[in-house]
Structure formats: C-alpha cells, structure tokens
Amino acid sequence: MAAHLRQLDLSQQWNETSANANLVALAALGDSVAVPVVADTLNARPEQHDITRSALKALAVFGPAAAGALNRIRSLSKSTDGHNAVGRRCRVVGNGP
C-alpha cells in the first residue's frame, strides 16, 4: 500500500481519492514503516488540502514514530495561503504553533 501511495502522481487531481484511501488504510494498519511515505505526501502538493489532512491524521495515529515529520508539519502550520486551511489542520493534529 505504501508503494502504491509513493507511485501516485499527486499532481493529478484524479489521484486524490486513491491517495486519501491509501493514507487512511496505512493509518489503520498502524505500521510505522509507512511514516516516511506518509510524510512525503506532505511535500508533494500541500495545496491539496484533502490529501494534507489525511496525511496529518495518519501521522497523528503513528504518534512518536512520526516525530521526523514534525519540522514539515510545523512549516505547513505557518502557511499564509488565503484560507490557511493547512495551518488549522496542523493545529487540530496538535503539531501547530
């Protein structure tokens, strides 16, 4: 499942549903081996807020095993986009400012 997520072209909007489903499933499995792949989705397209939200929720499930993603999460929480949706989502997960 992690390999499938890594292979998705997240620049294509039609892959959003597949990416979200993969992120939810990886979180449900709870195998921290998936943390790097989940964290990488945060770097792919942060403006795709649904994918970002799913990735943040998955990382929250992994808890301390996801500590390596904290710097990226913090940078997203300082987003200055018009809606600042990513920042709000980061704070909900508990990793924002």
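Fair warning: this is a prediction, and the values are worked out from it, not measured in the lab. (Residues numbered from 1 in each chain as written. Predicted model: local features only at pLDDT ≥ 70, side-chain atom pairs only at ≥ 80, totals over all residues. Heavy atoms only, no water.)

Here we come to the overall build of the protein. When you go through the protein residue by residue, the secondary structure sums to six helices and zero strands. When its helices and strands are written in sequence order, the protein yields α-α-α-α-α-α. Across the 97 residues that make up the protein, the buried fraction comes to 37%. Counted over contacts in the protein with a minimum sequence separation of 6, partners at least 24 positions apart contribute 56%. Surface exposure of the protein reaches about 5300 Å², of which carbon and sulfur atoms provide 54%. (Helix = DSSP H or I, 4+ residues; strand = E, 2+ residues; numbered from the N terminus. Buried < 20%, exposed > 50% of the residue type's maximum accessible area, 1.4 Å probe, protein only. Contact = heavy atoms within 4.5 Å. Areas by Shrake-Rupley, 256 points an atom, 1.4 Å probe, with all protein chains shown as cover.)

In this section: the environment of Thr41. Looking at where Thr41 falls in the secondary structure, it is placed in helix H3 (residues 35-44). Placed eleven residues apart in sequence, Thr41 and Thr52 show a C-alpha to C-alpha distance of 7.3 Å. Excluding its chain neighbours within four sequence positions, the residues that come into contact with Thr41 are Leu5, Leu10, Leu23, Ile51 and Ala55. Of note is the side chain of Thr41, whose polar atom sits 2.5 Å from the backbone oxygen of Val38. (Polar contact = N/O pair within 3.5 Å; in protein donor to acceptor, adjacent residues only side chain to side chain.)

Residues with a pLDDT of 70 or more make up 76% of the protein, whose mean pLDDT is 77. Taken element by element, the protein is modelled with least confidence in helix H6 (residues 85-93), mean pLDDT 47, and with most confidence in helix H2 (residues 16-29), mean pLDDT 89. Across residues 82-97 the pLDDT falls below 50, and counting only partners more than four positions away or on other chains, this stretch makes 31 contacts in the model. (pLDDT = per-residue confidence, 0-100.)

One finds Leu5, Val38, Leu42, Leu59 and Phe62 to be the most contacted residues of the largest nonpolar core, which totals 23 residues. Elements supplying a minimum of two residues to this core: H2, H3, helix H4 (49-62) and helix H5 (70-77). Per-element tally for this core: the top contributor is H4, with six residues. (Core = buried A, V, L, I, M, F, W, Y, C linked by side-chain atoms within 4.5 Å.)

Our focus in this paragraph is H3. Among the residues of H3, those classed as buried are Val35, Val37, Val38, Ala39, Thr41 and Leu42. On the buried face of H3, the contacting elements are helix H1 (2-7), H2, H4 and H5.

Moving on: the packing of H2 against H4. One way to put it is that H2 packs onto H4 with a least axis distance of 9 Å and a crossing angle of 10°. Here H2 is positioned roughly parallel relative to H4, judged by the angle of their axes. Of the residues in H4, those touching H2 at Glu16, Ala19, Asn20, Leu23, Leu26 and Ala27 are Asp50, Ile51, Ser54, Ala55, Ala58, Val61 and Phe62. Here the contact of H2 with H4 is composed, by residue class, of nine nonpolar, two polar and two charged. (Axes fitted to C-alpha atoms, helices over the stretch in contact; angles between N-to-C directions. Parallel < 35°, antiparallel > 145°, perpendicular 65-115°, else oblique. Nonpolar A, V, L, I, M, F, W, Y, C, P; charged D, E, K, R; others polar.)

All right, on to H2 then. Here H2 is 14 residues long and its end C-alpha atoms lie 20 Å apart, about the 20 Å a rise of 1.5 Å per residue gives. Looking at H2, one finds that the buried residues are Glu16, Ala19, Asn20, Asn22, Leu23, Leu26 and Ala27. Taken end-on, H2 shows its buried residues confined to a sector of 160°, consistent with a single buried face. The outward face of H2, more than 90 degrees from its buried face, is lined by the exposed residues Thr17, Val24, Ala28 and Leu29. Where H2 is buried, its residues contact H1, H3 and H4. At the exit of H2 stands Gly30, carrying a positive phi of roughly 70°. (Expected span 1.5 Å × (residues − 1). Arc of directions from axis to C-beta.)

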